[in-house]
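Here's the letter readout for the chains.
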Amino acid sequence: MALQSVKGFKDILPPESERTAAFEALARGVLESFGFRELRLPVVEAQELFVKATGETTDIVEKEMFVLTDAGGRNLALRPEGTPGAVRAFLQHNLNLQGGRTKLYYIGSMFRAERPQAGRFREFEQIGAEAFGNGHPSADVETILALARILDGAGLKGRYTVHLNNLGCERPECRPAYRAKLLEFLRSVADTLCENCKRRLERNPLRALDCKGDGPKLKANPATPQLAPCAECHAHFETVKTLLPAGGLAFELDPNLVRGLDYYTRTVFELRSADVGSQDALAGGGRYDGLIKSMGGPDVPATGWALGVERVLMALKAAGSIAAPPHPEVYVAVQAESPELEKAAFTAMQSLRDFCRVEGALFGHSLKSQMREADRLGATFAVIFGPSEFSEGKCTVKDLRAKDQQSQTAIAELAKEIRSRLNA
Ligand code: AMP
């Protein structure tokens, strides 16, 4: 058999590639309207970056990273997520010294060696946004509103839910106190937990709460301790809850939402589709006020999210909100094999491409098969160069939506004629 793509890695063919590009363009527009600017990050980083930033006990780092060694023996990794690279770039280029806030977005492939299934790939695309330097809850809300606006603009308005939780901070009376209580409780029910949760119990007990198997049981158990956030974290979250509806976004409180990563503080959120199967998380993120400092930088607060492009496209398909792929507006055909007609057709195609999509030039084929192709491509107009009109400096324009409508136009006037018909 001919060579195949590697398991978990896929080709993106038209029209999916066009849908992807259209969605990216929409996201760029929305993010730029919120003041985010593009950051292009390398695909390869030092493995250590993800161990430090994403966290040693996370699934991503423990089990899912594609690691490689270069000729100099350096341990590298294909990026599994964008935030660590964004923080590294922020520090490496001293963006904090530029004063004020830094709002960045990125678009690109991420790599995780997960078991491939519907909605879960080993290479997938994320669009991410990171806002550095603003500790106020308004920054959490603004980034979430940008995310929702992208999904709404794509056609998913009302077709996803916003799950929100407060994870508190590292002050001793806040998350550490809760963590200790939770750990004690989980130890008491350890024999009912799955192998994964048992294994990471001591190092990261919070993860049991979002385990697919154990999470729901723990949620239903009235003895499961709840986080009692410190006064500052409480006030921060209250403001988030007030400002989100002011921005027109409804949410659900979800005390079991902990997200898979170590670095979150205070607000965490996930947007879930109502239309796709078990891989229903379209996007997720939160505040990570301690991360930049823990990576050797200044004490800069930050908040951000990442959205899975394939998941959004799947949700759009399931919701039936898929835009038709672009089709040529004009198809140019020749009625007979003739160098003169073919030259004239090429000249016309070039000038029409100044303002519309043009296909054609299937020279050496019958007019019938050229017209069949025009139909198959969904062209709006056909322009046909035939010998008798050509001798009078004319060509035929046919409206393919109204089969019998055709007229002759002076070749010199063709661009003007098509332009006015397209605008009609
Ligand atoms: P995460 O960085 O894990 O919070 O993921 C953010 C978003 O990326 C998720 O909500 C998904 O939409 C998407 N995503 C994560 N992992 C995968 C994957 N293996 N395949 C496809 N999309 C993914």
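Residues numbered from 1 in each chain as written. Predicted model: local features only at pLDDT ≥ 70, side-chain atom pairs only at ≥ 80, totals over all residues. Heavy atoms only, no water.

Caption draft 1: Quick peek at the overall build of the protein. Helices and strands together make up the secondary structure of the protein, namely 15 helices and 16 strands. Over its C-alpha trace the protein gives a radius of gyration of 28 Å, far above what one expects of a compact globule, namely 22 Å for 424 residues. Its C-alpha atoms give the protein principal-axis dimensions of roughly 90 × 55 × 45 Å. Evaluated residue by residue, the protein yields a buried proportion of 49% over its 424 residues. Long-range contacts, defined here as pairs at least 24 residues apart, represent 68% of the contacts in the protein between residues at least 6 apart. (Helix = DSSP H or I, 4+ residues; strand = E, 2+ residues; numbered from the N terminus. Rg over C-alpha atoms; globule rule 2.2 N^0.38 Å. Buried < 20%, exposed > 50% of the residue type's maximum accessible area, 1.4 Å probe, protein only. Contact = heavy atoms within 4.5 Å.)

Caption draft 2: Layout of the sheet that holds strand S5 (residues 102-111). Here we have 8 strands laid out as an open sheet, ordered S1-S5-S6-S11-S10-S9-S7-S8, and mixed in their pairing. Of all strands in the sheet, those with a lone pairing partner are strand S1 (37-38) and strand S8 (252-253), marking the two edges. Summarising the sheet, S5 and strand S6 (residues 123-132) pair through 10 bridges and their orientation is antiparallel. Within S6, the position partnered with Leu104 by the bridge is Glu130. Running at roughly 45 degrees to S6, helix H4 (residues 83-92) makes contact with S5 and S6 of the sheet. (Pairing = 2+ DSSP bridges. Axes fitted to C-alpha atoms, helices over the stretch in contact; angles between N-to-C directions.)

Caption draft 3: Focus on the sheet that holds strand S13 (residues 358-360). In space, the 5 strands of this open sheet follow the order S13-S12-S14-S15-S16, with mixed pairing throughout. What marks the edges here is a single partner per strand, and that holds for S13 and strand S16 (406-410). Within the sheet, the average angular offset between the axes of one strand and its neighbour, ignoring direction, is 25 degrees.

Caption draft 4: Here's a closer look at helix H5 (residues 137-156). A large share of H5 lies buried, amounting to 14 of its 20 residues. After H5 finishes, the residue Gly158 shows a positive phi value of roughly 80 degrees.

Caption draft 5: Representation of the pairing of strand S7 (residues 160-166) in the model. Of all 7 residues in S7, 6 are buried, a share of seventy percent or more. Pairing of S7 with strand S9 (residues 265-273), which is carried by 7 bridges, proceeds in the antiparallel orientation. If you follow Asn166 over to S9, its bridge partner there is Thr267. Note that S7 and S8 share 2 bridges and pair parallel. Bridge pairing in S8 links Leu164 to Leu253.

Caption draft 6: Examining the environment of Ser17 more closely. If you trace the backbone, Ser17 turns up in helix H1 (residues 16-33). Sequence separation between Ser17 and Pro325 is 308 residues; the distance between their C-alpha atoms is 9.8 Å.

Caption draft 7: Seen up close, the side chain of Thr20. Take Thr20: it is sitting in helix H1. A polar side-chain atom of Thr20 sits 2.7 Å from the main-chain carbonyl oxygen of Glu16. Setting aside residues up to four positions removed in sequence, Thr20 forms contacts with Ile12, Glu125, Val309 and Leu313. (Polar contact = N/O pair within 3.5 Å; in protein donor to acceptor, adjacent residues only side chain to side chain.)

Caption draft 8: The pairing of strand S15 (residues 394-399), seen in detail. Relative to S15, strand S14 (residues 381-385) is paired through 4 bridges, and the arrangement is antiparallel. Note that in S15 the partner of Phe381 across the bridge is Asp399. Pairing analysis gives 5 bridges linking S15 to S16, with the strands arranged antiparallel. If you follow Cys395 over to S16, its bridge partner there is Thr409.

Caption draft 9: Broad picture of the site of the ligand. Close to the ligand lie 14 residues, the nearest being Arg112, Glu114, Phe121, Arg259 and Ala281. Phe121 places a main-chain nitrogen or oxygen 2.9 Å from a nitrogen atom of the ligand. Arg259 has a polar side-chain atom sitting 2.5 Å from an oxygen atom of the ligand. Protein chains bury 91% of the 480 Å² of accessible surface belonging to the ligand in isolation. Contributing elements (two or more residues each) for the shell around the ligand: S6, strand S10 (281-287) and strand S11 (302-308). Ranked by residues supplied to the shell around the ligand, first place goes to S10 with 3 residues. Residue composition of the shell around the ligand, grouped by class: 6 nonpolar, 3 polar and 5 charged. (Near = heavy atom within 4 Å. Areas by Shrake-Rupley, 256 points an atom, 1.4 Å probe, with all protein chains shown as cover. Nonpolar A, V, L, I, M, F, W, Y, C, P; charged D, E, K, R; others polar.)

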